[in-house]
Structures are given as structure tokens and as C-alpha cells.
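Summary of structural features
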Amino acid sequence: MVLLAWYAASATGLLTDDLLASPGAVLQALGELWSSGQLGDALTVSLGRAGTGLLIGASTGLALGVLTGFSRIGEELVDSTVQLLRTIPFLSLVPLFMVWFGIGETARVVLIAVATSFPMYVSASGGVRNTDRKLIEAMRSFGMGRAALVREVVLPGALPALLSGLRLSMTLSVIALIAAEEINSTAGIGYLMSTAQEYSRTDVLTVCILVYALIGLIADGLVRLLERLLMPWRTQGAQR
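Overview of the structure. Note that this is a predicted model, so its numbers are computed, not measured.

**What about the overall build of the protein?**
In terms of helices and strands, the protein carries 12 helices and zero strands. Ordering the α and β elements of the protein from the N terminus gives α-α-α-α-α-α-α-α-α-α-α-α. The C-alpha radius of gyration of the protein comes to 22 Å, more than 25% above the 18 Å expected for a compact globule of 240 residues. Reported as C-alpha extents along the three principal axes, the dimensions of the protein are approximately 75 × 55 × 30 Å. For the protein, restricting intrachain contacts to residue pairs at least 6 apart in sequence, the fraction spanning at least 24 positions comes to 72%. Distance between charge centres in the protein, computed from 16 positive and 17 negative side chains, equals 15 Å.

Right, dumping it as C-alpha cells:
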């Protein structure tokens, strides 16, 4: 219905190209960008940034979450500081990161890493805390060490929370990617948008926005697929 309304508004002149390009113009721009290789190159750069930042951020959040959720000392030393930092909007850190890291790739990757670390931290910490304490004590009584306990008992027990945190982190990685690519990018989807903005190319701008949305949908679908593979009993329960 949205597509039909968009097409009708463009066909009747209610929407002009300087406000929003028609669906046909957007498809034509998509074909031009893809055939010229610009869109493929931009996608490669943007996905690399988002993936690297997500990997660093989610790993850091997972490690800190397990530490605070499993250890009382870790909670007292780390949790209050992380919770304080979590309240700072990550977009407000852009100017500071530009001062610290310059306008290169490091600032962009660090911004994405910071944005994605906190959802994973909150989910991991909560999931580890909710692990059955009786089960942990039982495994300890059998002589299981701390590292094996975390690997074999705590993390599997916290798996639903961890996957929820990963889902949120992947969504935020796309949002942070959009902000990161505003830092004087010379490549990536954000660079295409900046160039299109200079020439008032609403067709190219719409293509870039739709590409960002598609990246977010694919990321969410990957986590859903991971949930089905790692927790098949949830899918079986939903079918019943």
C-alpha cells in the first residue's frame, strides 16, 4: 500500500522529484549504481565497518557482562562505571572521537563498537545472573573449574539473553554506521548519500536509505536464524 501510494503521488504530481523521486527513478538509479560498481564498493566498505565495530563491541560487552554477572567483585568494580557510560548518547561522542582518533576509519569503527557494546553487556550480565544457582553449585561439587563452569553451564543458560543482546547490538550497529559515515567519509553508503545530497539526487538518497534498511533487516534475520539453530525448542514450542 505504501508503494502504491508513493507511485500514485509521483504519477499525479503530488510528489515532485526535488522532494522524493518516483519508484521508477529509484529503480533506475539503483541499476546505474550497481552496474557502475559504485553500490557494490560502497556496500563492501560499509559492511566492513559495521562488522568490525560489531565484533569488537559485542565481544567487549559479552566479556564485561559475564564478569559482572558471575563475579561479585567484578560487579562492584565494573558495573557502576559501565552503567554510567551507558547513559551517554553515543552520538554525542562523535566530536570527541574525531579529536581523539581523527577523521579516519578508527573513529568510525570505535563509534560503532561503543554503540554495540552496551546492549550486549546488559543482556549478558542479566542472563548470567539469572542462571540457576543450584545447577552452578552442583557442577562445582563435581569439581568443575571456573572457566569450564562459565563455558559449559553459565553461557548456555544465558543463551536466550545473549541472542537478544546480539539482536539489539546488530540493530544499533546499523544506526551507528549511519552516524559514523557522516565523519568525512570518502567511501561507503554514507559517502554516496553526501554526494547525492550535494546534487539534490533524491533518487540516489532513497536508494541509500533503502540499502541501510535492507542491511538492518538482513542482520535481524541472521539473528533469528541463529536462534532457530541454537534453540530449536523455542520454534517447536511456538508451533504447538
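Alright, that's what it looks like, and here's the rest.
**A word on the packing of helix α4 (residues 72-86) against helix α6 (residues 105-129)**
The packing of two helices is summarised by the inter-axis angle and the distance between the axes. Relative to each other, α4 and α6 sit at 140°, their axes nearing to 11 Å. Here the hand of the crossing between α4 and α6 comes out left-handed. Contacts between α4 and α6 involve Glu75, Asp79, Val82, Gln83, Leu85 and Arg86 from the former and Phe118, Tyr121, Val122 and Arg129 from the latter.

**A short note on unusual backbone geometry**
Most peptide bonds are trans, and most residues other than glycine sit at a negative phi. The backbone phi angle of Ser200 is positive, close to 55°, even though this residue is not glycine. Note that Ser200 resides in the loop between α10 (189-198) and α11 (202-230).

**Describing the nonpolar core**
One finds Leu111 and Ile189 to be the most contacted residues of the largest nonpolar core, which totals 37 residues. If you list the elements that add at least two residues to this core, you get α2 (23-36), α3 (38-70), α4, α5 (94-101), α6, α9 (159-180), α10 and α11. With seven residues, α6 is the largest single contributor of residues to this core. The contact partners of Leu111, leaving out residues within four places of it in the chain, are Phe90, Val94, Phe97, Ala176, Ala179 and Ala180. Judged by nonpolar contacts, the second largest core, of 17 residues, contains Phe70, Val128, Leu162 and Ala219.

About the cut-offs
Residues numbered from 1 in each chain as written. Predicted model: local features only at pLDDT ≥ 70, side-chain atom pairs only at ≥ 80, totals over all residues. Heavy atoms only, no water. Helix = DSSP H or I, 4+ residues; strand = E, 2+ residues; numbered from the N terminus. Rg over C-alpha atoms; globule rule 2.2 N^0.38 Å. Contact = heavy atoms within 4.5 Å. Lys, Arg positive; Asp, Glu negative; His and termini not counted. Charge placed at Lys NZ, Arg CZ, Asp CG, Glu CD. Axes fitted to C-alpha atoms, helices over the stretch in contact; angles between N-to-C directions. Left-handed = near helix turned anticlockwise from the far one by under 90°. Core = buried A, V, L, I, M, F, W, Y, C linked by side-chain atoms within 4.5 Å. Buried < 20%, exposed > 50% of the residue type's maximum accessible area, 1.4 Å probe, protein only.

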